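Observations on the three-dimensional arrangement
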Amino acid sequence: MPEPLSVRESPLTRQAGPSPGDRRQWLSLACELDRLRAIRALREASAGFQLHKVIGSIAAAAPSMPGRIGRWIRGASVGAMACRVAFLALRG
């Protein structure tokens, strides 16, 4: 014959656990850990993609591009070079 459950062993009573403040602190730490893991994953994923290399390869091919797009890119590169020279002159 099975033994009857005592009041302390009853599945309907609340188990002793962390206080609401402790649970709130644990949840905030867990959320912060998730944010840090996401940032780390994004940094690792973007480590291979470097924008300056892409822009450099486009700038190297720009003079040979035909038509309106080529003229626009050549004009933009001349303007960017003039701005860079002016910036370096003012900075130094």
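Here is what the cut-offs are and how they apply
- Residues numbered from 1 in each chain as written.
- Predicted model: local features only at pLDDT ≥ 70, side-chain atom pairs only at ≥ 80, totals over all residues.
- Heavy atoms only, no water.
- Helix = DSSP H or I, 4+ residues; strand = E, 2+ residues; numbered from the N terminus.
- Buried < 20%, exposed > 50% of the residue type's maximum accessible area, 1.4 Å probe, protein only.
- Areas by Shrake-Rupley, 256 points an atom, 1.4 Å probe, with all protein chains shown as cover.
- pLDDT = per-residue confidence, 0-100.
- Expected span 1.5 Å × (residues − 1).
- Salt bridge = Lys/Arg side-chain N within 4 Å of Asp/Glu carboxyl O.

**Side note on the overall build of the protein**
Secondary structure assignment for the protein yields 3 helices and 0 strands. Reading the protein from its N terminus to its C terminus gives the helix and strand order α-α-α. A buried classification covers 4% of the 92 residues belonging to the protein. A total of about 8800 Å² of accessible surface is found on the protein, and carbon and sulfur atoms cover 66% of it.

**Describing the confidence of the model for the protein**
Do not read the predicted coordinates in detail wherever pLDDT is low. This prediction gives the protein a mean pLDDT of 77; 73% of its residues lie at or above 70. Put simply, helix α2 (residues 51-61) is where the protein has its lowest mean pLDDT, 71, and helix α1 (residues 20-46) is where it has its highest, 86.

**Brief notes about helix α3 (residues 67-91)**
For α3, spanning 25 residues, the distance from its first C-alpha to its last is 36 Å, which sits close to the expected 36 Å at 1.5 Å a residue. Counting buried positions over the 25 residues of α3 gives 2, only a small fraction of the element.

**Thoughts on the pattern of salt bridges**
Opposite charge on two side chains permits them to pair, given that their charged atoms come into close proximity. This model, assessed by the stated rule, comprises 1 salt bridge. One salt bridge in this structure joins Glu32 and Arg35, with 2.4 Å as the shortest N-O distance. Highlighted residues: Glu32 and Arg35, both in helix α1, separated by 3 residues, approximately one helical turn. A relative accessible area of 36% places Glu32 in the partly exposed class.

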